[in-house]
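So the chains spell out like this:
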Amino acid sequence: MRYTITQAWFKYLLVLSLLVVAFFLRFEHLLARVFHIDEYISMLAAQMTALKGVPVFPSGLFYSQGLLVSYLTAPFLRLAGFSEEVARWPAVLIGVVTVASYYLVGSRMSKSQAAGLFVLAFAALDVTMILWSARVRMYALAGLLMLLALFFLAQGTFLNPHRRYRLAAVVCFLGAILAHSVSIAVLPVWGIAVIICVWLGHEKFQLNWYRQKSVGLEVVVSLLLLTLGLGFGVVGQIPFLSPGSGAGDGGSSVMGVLSKFLEPGVSWQRVDDYLYYYTSLSYWPLILLGGLAFLRALVSAVRGRLTRRDLATLFLGLVFLLTIAELSLVLTHTWRKTRYLFILCQAPFLLLAADGLARLIEYGSRLFAEQAKSAALIGTLLGIIGILVFWSNPAIAVASVQGTGGYDTAFMWVKENWQEGDQVMTVHPSAAYLYLDRSDYYATQGTARVLLDEESEELIDRYVGSKLLDSVDALNKVDSEDGRLWYVVDKNRLFNRYN
């Protein structure tokens, strides 16, 4: 009994300690004032939601991307007023909840408390999770909902088949689509992985739930919800995937959008970014651990010794590998951004690595037959210490970095020196509107996010509605007008957006 109590206190202390560490790492980065370029778009959407009740930009565009994030952030801005720190708080809270969820999901899917603790440590210290958990973007929320959808799907189909889990998976997946529409991409991949796992375990574990008559209604409800999410996600992408003018090229039609999802092809350039991402200094040990777990489960399946834990491991491995294959070989470049791996692959990746490390600890503890429990406890503690030693420095470095100024400081300086009759021209109208409550001109060449103004029949930026300047002649014409013209642009876009 004394050992059991000690073990319980050890587990609770580790969980609480790692959650505290996770919170302070994310809170520290919240204060760092290092902003992702698109944060200002999400901040403006949340601000408009707080003011209008819906995320409708000053241009009149309804911003469906990150819809749930806009509504989660809006109450904070309404209560405390706008500031970057206030706008970031929901992401920090979501990030900590995600870390806690990894512990619950990892321990239940792997049937191992050690795996739960390991994935908790991985999630607490993961650099990309720290970054997205302190930014006003949709990645943290989408990542949480995808993790829960993955868990409920596995539970409802082969771990503990029950309708409530399957419906919970559908609801979470629908929420993930409403958080970020790239979630749609994994729907066929998850379906294939489920079919394979149910087929592998249907005889041994009597997985015959799909033969029940009541499943028909369940399928109808699920299809309706997923169709709603798919429609919302695709329609929401129309103004963001179409070409500049969108006139006569089919880019603004639903079929035009769908055609931009698929671009089959095989080349090294399509996969090298992903290989580099997962073989980086921070991730290569996790790839080895995850591969170990997946191979161990495959061996069990071949030998006919498959357990539910092995099924869960195979499911996670299939989801990870098939998602990478889909991104690399099937989808168009619009959907192949490496940052989307955070939403689509982070959950199975971390869960697999934790399962692999837990299996190593379990194998080692069996060598000490009489003291197996003590050996497992010591091994778990050593595993946590190893994770802390290996990943603490990168996590602390990212969390404690300090910004040297960006669009926030630039526009605040402009505001302090503003005079009557001044105008502002920028490549980032959303940021201008946040700090100056105006943006007169949208200056960019080549890539432009625009709408066609029905009244003037001129192109305007999608978010604020400022007039597009995309040529030297247009720039010279504005520059020749009376009054001062402030021009605000970051260094990267100054040398990449103009000819």
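Residues numbered from 1 in each chain as written. Predicted model: local features only at pLDDT ≥ 70, side-chain atom pairs only at ≥ 80, totals over all residues. Heavy atoms only, no water.

**Points about the packing of helix α2 (residues 39–52) against helix α19 (residues 429–436)**
What counts, and what does not: To obtain each axis, a line is fitted to C-alpha atoms, and for helices this fit is confined to the stretch in contact; angles are then taken between N-to-C directions over 0 to 180 degrees. Under the scheme used here, helices are H or I runs from DSSP no shorter than 4 residues and strands are E runs no shorter than 2 residues, and both carry numbers assigned from the N terminus. Roughly parallel covers angles under 35 degrees, roughly antiparallel covers those over 145, roughly perpendicular covers 65 to 115, and oblique covers all other angles. The sense of a crossing depends on the near helix, which, turned anticlockwise from the far helix by less than a right angle, makes the crossing left-handed and, turned clockwise, makes it right-handed. The contact criterion used throughout is that any non-hydrogen atoms of two residues lie within 4.5 Å.
α19 packs onto α2 with a crossing angle of 50 degrees between their chain directions and a minimal axis gap of 8 Å. Looking at the two axes, α2 sits oblique to α19. As for the relative orientation of α2 and α19, their crossing is left-handed in sense. Where α2 abuts α19, its residues Tyr 40, Ile 41, Met 43, Leu 44 and Met 48 lie against Ser 430, Ala 431, Tyr 433, Leu 434 and Tyr 435.

**Structural notes on the pattern of salt bridges**
Our working rule: Salt bridges are defined as contacts in which a side-chain nitrogen from Lys or Arg sits within 4 Å of a carboxyl oxygen from Asp or Glu. Partly exposed residues are those whose accessible area sits between 20% and 50% of the maximum for their type, while under 20% is buried and over 50% is exposed, using a 1.4 Å probe and protein chains only.
Summed over all chains, the structure comprises 15 salt bridges. Ionic pairing is found between Glu 84 and Arg 33, a salt bridge with its closest N-O pair at 3.1 Å. Of this pair, Glu 84 sits in helix α4 (residues 84–109) while Arg 33 sits in the loop between α1 (2–30) and α2, and the two are 51 residues apart along the sequence. Assessed through its relative accessible area of 29%, Arg 33 is described here as partly exposed. Glu 458 is the salt-bridge partner of Lys 467, the closest N and O atoms lying 3.9 Å from each other. Beyond isolated ion pairs, a larger network of salt bridges with shared partners links Arg 309, Asp 310, Asp 355, Arg 359 and Glu 362.

**Quick notes on the pairing of strand β6 (residues 485–488)**
As a reminder of what qualifies: Strands pair, by our definition, only if DSSP identifies at least two bridges between them.
Here β6 shows a buried face lined by Trp 486 and Val 488 and an unburied face lined by Leu 485 and Tyr 487. Taken together, the 4 bridges between strand β1 (residues 423–426) and β6 define a ladder with parallel strand orientation. Its bridge partner being in β6, Val 424 is matched across the sheet by Trp 486.

**Structural notes on the environment of Arg 164**
The residue Arg 164 is located in helix α8 (residues 163–179) in this model. The class of Arg 164 is partly exposed, set by a relative accessible area of 49%. Taking the C-alpha atoms as reference points, Arg 164 and Phe 152, 12 residues apart in sequence, are found 8.7 Å from one another.

**Here we look at helix α9 (residues 187–201)**
Defined as follows: Helix span, expected: 1.5 Å multiplied by one less than the number of residues in the helix. The arc under discussion is defined with respect to the helix axis, by the directions toward the C-beta atoms.
Taking 1.5 Å as the rise per residue, α9 with 15 residues should run 21 Å; its terminal C-alpha atoms sit 21 Å apart, in good agreement. Among all positions in α9, only Val 189, Trp 190, Ala 193, Val 194, Cys 197, Val 198 and Gly 201 are buried. Projected down its long axis, α9 carries its buried residues within an arc of 160 degrees, all on one side. Facing away from the buried surface of α9 by more than 90 degrees, the exposed residues are Ile 195 and Trp 199. Buried residues in α9 make contact with α7 (139–159), α8 and α14 (308–329).

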